[in-house]
Every structure is written in structure tokens, then in C-alpha cells.
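# Structure assessment
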Amino acid sequence: MGVFTASDGYEPTGHEQVVFCQDKQSGLRAIIAIYSTALGPALGGTRFYPYASEEDAVRDALDLSRGMAYKNALAGLDLGGGKAVIWGDPDRDKSEPLLRAYGRFVESLGGRYYTACDVGTYVQDMDVIARETRFVTGRSEAHGGAGDSSVLTAYGVFQGMRAAAEHRWGTPTLAGRRVGIAGLGKVGKHLTRHLLDDGAQVVATDVSERALEWARTTYSQVDLVDDVTKLITSDIDVYAPCALGGALNDDTVALLRAKIVAGAANNQLAHPGIEKLLDERGILYAPDYVVNSGGVIQVADEIEGFNFDRAKSRASKIYDTTRQILELARDEGVPPAVAADRLAERRMADVGRLRTIRLPRER
Ligand SMILES: NC(=O)c1ccc[n+]([C@@H]2O[C@H](COP(=O)([O-])OP(=O)(O)OC[C@H]3O[C@@H](n4cnc5c(N)ncnc54)[C@H](O)[C@@H]3O)[C@@H](O)[C@H]2O)c1
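Residues numbered from 1 in each chain as written. Predicted model: local features only at pLDDT ≥ 70, side-chain atom pairs only at ≥ 80, totals over all residues. Heavy atoms only, no water.

## What about the site of the ligand?
Going by this rule: The rule for a residue being near a molecule or strand is that one of its heavy atoms must lie within 4 Å of it. N or O atoms within 3.5 Å of each other form a polar contact, as long as, within protein, one can give a hydrogen and the other can take it, and as long as residues adjacent in sequence are counted only when both atoms are side-chain atoms. Note on areas: Shrake-Rupley with a 1.4 Å probe; residue coverage comes only from the protein chains shown. To qualify as a helix, a DSSP run of H or I must reach at least 4 residues; to qualify as a strand, a run of E must reach at least 2; elements of each kind are numbered from the N terminus. Throughout, the ten residues Ala, Val, Leu, Ile, Met, Phe, Trp, Tyr, Cys and Pro are labelled nonpolar, Asp, Glu, Lys and Arg are labelled charged, and all others, Gly among them, are labelled polar.
The full set close to the ligand counts 19 residues, and Ser149, Thr153, Val187, Asp206 and Ala243 are the nearest of them. For the ligand, an oxygen atom lies 2.7 Å from a polar atom in the side chain of Thr153. At 2.7 Å from an oxygen atom of the ligand is found a main-chain nitrogen or oxygen belonging to Ala243. For the ligand, whose unbound accessible area comes to 830 Å², protein coverage reaches 72%. Listing elements by their share of the shell around the ligand, those giving two or more residues are α5 (150–169) and α6 (186–198). Here the residues of the shell around the ligand sort into 9 nonpolar, 8 polar and 2 charged.

## Digging into the nonpolar core
Here is the rule: Take the buried residues of types Ala, Val, Leu, Ile, Met, Phe, Trp, Tyr and Cys, join any two whose side-chain atoms come within 4.5 Å, and each joined set is a nonpolar core. We call a residue buried when its accessible area falls under 20% of the maximum for its residue type, exposed when it is over 50%, and partly exposed in between, using a 1.4 Å probe and counting protein chains only. What fixes the domain bounds is an automatic or database domain assignment. In this description, contact between two residues means that some pair of their heavy atoms is separated by no more than 4.5 Å.
If you look at the biggest cluster of nonpolar residues, it comprises 37 residues, and the most contacted ones within it are Leu28, Ile32, Leu43, Ile86, Tyr102 and Tyr113. For this core, the element with the most residues is helix α3 (residues 96–108), which contributes 5 residues. The residues that make up this core include at least three from each of domain 1 (17–69 + 79–143) and domain 2 (150–347). The contact partners of Tyr113, leaving out residues within four places of it in the chain, are Ile32, Ile34, Ala42, Gly44, Gly45, Thr46, Gly82, Lys83, Ala84, Tyr102, Val106 and Phe135.

## Concerning the state of the cysteines
Definition in use: Sulfur atoms of two cysteines make up a disulfide when they are within 2.5 Å.
One pass over the full model with this rule turns up 0 disulfides. Residue Cys117 stays outside any disulfide, its sulfur separated by 18 Å from that of Cys21, the closest cysteine. Here Cys117 falls in the partly exposed class, since its relative accessible area comes to 27%. We note that Cys242 lacks a disulfide partner, and the nearest cysteine sulfur, in Cys117, lies 20 Å from it.

## Re the sheet that holds strand β8 (residues 201–205)
Put simply, the rule reads: When DSSP finds two or more bridges between a pair of strands, those strands are recorded as paired.
In space, the 6 strands of this open sheet follow the order β9-β8-β7-β10-β11-β12, with parallel pairing throughout. Pairing within the sheet leaves two strands with one partner each, and these edge strands are β9 (223–224) and β12 (284–285).

## Description of a nonpolar patch on the surface
Using the following cut-off: Residues forming no salt bridge and having over 30% relative accessible area are the ones grouped into patches, like charges within 9 Å of each other and nonpolar side chains (Val, Leu, Ile, Met, Phe, Trp, Tyr) within 5 Å. When a carboxyl oxygen of Asp or Glu is within 4 Å of a side-chain nitrogen of Lys or Arg, the pair counts as a salt bridge.
A cluster of nonpolar side chains, contributed by Val351, Leu354 and Ile357, occupies part of the molecular surface with about 240 Å² of accessible area. Given a relative accessible area of 51%, Ile357 falls into the exposed group.

## Examining the domain arrangement of the protein
Interface size is commonly expressed as the accessible area that is lost once the parts come together. This is how it is decided: Buried area counts how much accessible surface, traced with a 1.4 Å probe, disappears from two parts once they are put together, with both parts' losses summed.
Along its sequence, the protein is carved into domain 1 (17–69 + 79–143) and domain 2 (150–347). The straight-line distance from the C-alpha centre of domain 1 to that of domain 2 is 28 Å. On the domain 2 side, the residues contacting the 9 residues of domain 1 number 7 residues. Interface of domain 1 and domain 2: buried area, both sides summed, is about 700 Å²; carbon and sulfur atoms make up 70% of it. Together, Leu39, Leu43 and Thr137 form the three largest contributors to the area buried by domain 1 at its contact with domain 2, with a combined 45%. Here domain 1 is connected to domain 2 by 0 salt bridges. Connecting domain 1 to domain 2 are 2 residue pairs in polar contact (both at pLDDT 80 or more). Considering only residue class, the side of domain 1 that touches domain 2 consists of 5 nonpolar, 2 polar and 2 charged.

As C-alpha cells, then:
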């Protein structure tokens, strides 16, 4: 996968900067990828993962950082997109020296990149990294961090779902609708509460007995089904994938009875072309990276000194952004996923361009 040149059927990626960081002593092997700083410093988490090869690690860093640029742009943040990967097994390789070595590399970028938690890294790790760099978010509450981001992620998903309901049925409410949630984890639980408060019926599934038990004891009115196939073939109006990526593939889209898909899971479209399939079946898809941006809005707020009400107010705009995307998709005759990308690219170009208006302090 080339940054400058096409390779393996990939186009040149267009990233601004890709940094390889190595500290042999602690075993650190990290790649920090900055896709764009057009809107501000690049923000994106650090994934600690035992990739099968260096190429897989590079590809993930490049893909994820590009995704963050689009997500941050549509979240209305003055932040660009970046992401880092640490190549290794977090259970075996994570140590204080490794995390602090990584922190020093983040610091060396002088604020072009802010890091946060991702798969394999936790708030406690961010606190360690923060001993070496100022450019870190997702910290523990004891250190001024925002805490569990699933609260605003679920709130944002609910706002995006309301916008999709308005677009489809004319009213921004899920009252009287049947919503199927796949995954009653951190986000799925909060989403259940928002939906029940709004007057929706909820049907859900999870592979974890603990999650199902939570539903039985907390919300006995939630219908539980055995698996995702039973969920998507049941009589639901809205499908909310809140478990793993790739929830929308050729098979599931063919079976799906819902008229709207809006959920928290990242990378819901299993491969390019699924967005067209959804369109052809008349299923309105609220793009994942738009409706699940409440989490990044929450951690981004830490840069200013975390304020929950301010972050929540920003997350409530996910309603307007989703509406705008669905309207653009209808007007331009493209799937919402394509409209979302166009809107993100437009904001990066239009707002990014303003930096060409030179200020006195810039030389
Ligand atoms: N937490 C956030 O702030 C946030 C932000 C953006 C995106 N997301 C994405 O949203 C999704 C959910 O996040 P979370 O924080 O709630 O994660 P989580 O791990 O707390 O919950 C996921 C739940 O899905 C269940 N699950 C796994 N496989 C399943 C299957 N095949 N069928 C049914 N249930 C299954 C798990 O048992 C678990 O209860 C993830 O894809 C995550 O990447 C989360």
C-alpha cells in the first residue's frame, strides 16, 4: 500500500505524514499516520494490536486515520484526522517504558497529532503516555478526562436515528417504532434507555449471557431474540448494529426487514457496494461514522478542558448533520454513505482553505 504511488490495486493514499517510531529497548514499534490537518491537529486513537505483518499494521494506520479525518470533519470539530497503531500484543508487550517511549514520539510531532484510546489501549494507558506528552486525550476522570465515551456515543446514535426517522416517516421520533439492537454493550445499553424513553419498542440480541441478564433485570419490556439473523428477519422498523463491524453484508442486507439502519458499530458496510444494495432495497442508511461520532466529540472536548454539557450540546448536532446528509443524498441521487463523504470533503476543503487568509502572527 503506497502513500505516494499506487500499489496492490490501491490508489495513492494522500496522507500528509506517516511516522515510523521504534524503541528497541522497550520493544516499541508504532506507526503514526496523519491523513489531514486541514481542519486542525489530527485526532485519533492508538490501536495496540498483534498484526500479522508490518504491512497489515501500516494499512490499518492509513485506513483508520483517513476515516478519522472524515469523522472529525462531519462532527464539526476543528480537528483533522490521524491514527496510530502499536504493533504488538497488548497483554504481553505493554509496559510503562513502551508507553512512555510512544508518548515521546507523539510529543515530537509538536501537536500535529493528538492521541486517544482505541482497541487495546485504555484510559490508564493514556495517563502513562501523558507523562511524556501534552497531546493526549481519553484520560481518566482523575486527570481531567471525560470518562466513558459510550454515553455520548449512544446519545449521538439516538440523534442520528431521530433524523433518519424524520426523513423516512416525517416525524423525528421513534415512538411506536420497533427498533432492533444487535449488541447490548456499553453503547447498546444507553441506546436502549433513550429509545424506551422516546416510546419505542426494543428488541435486542447479544452473545453475552451477562448482557442479556442485564436486559431482563433492567428493562423487562425489551424483547430478546437468540441471534442477529432472528433480529434482522423479525418485524423491525429500525436496525441498530451496536456490536462488531461488517454487520451489513450481501446476506444480511438481503434479509433485512428494517427501513432504517442507524447504529454505533464502526465500519458497518462489509465491502464497497453495500451502500448501493441498501439503496436498491429502499433501506435508509445513516452512515456509521456520522451517527457514532459522539465518542470522539467527547474526547475532543478534553482538549479545551472537559465540560459534559458542552460536549453533549455538540453531540446533539449529529441530528442536523444526519438530516443534511440524507437530504443531500436524495437531492444528488447518491447513497447516504457517498453524500457523507462528499460533505466531509467539502468541509475539509472549504474550511481548510481559510488558513490561506494569512494572520499577522503567521510568517
Ligand atoms: N464506545 C464508544 O464510545 C464507541 C464509539 C464509536 C463506535 N463504537 C463502536 O460501537 C460498537 C459497540 O461499542 P461498545 O463500546 O458498546 O462495545 P462493547 O464491547 O461494550 O459492546 C459490544 C457488545 O456486542 C456484543 N456482541 C459481540 N458480538 C456479537 C454478535 N455476533 N451478536 C450480538 N452481540 C454481539 C458483545 O457481547 C457486547 O455486549 C463497537 O463496534 C464500537 O467500535 C463505540
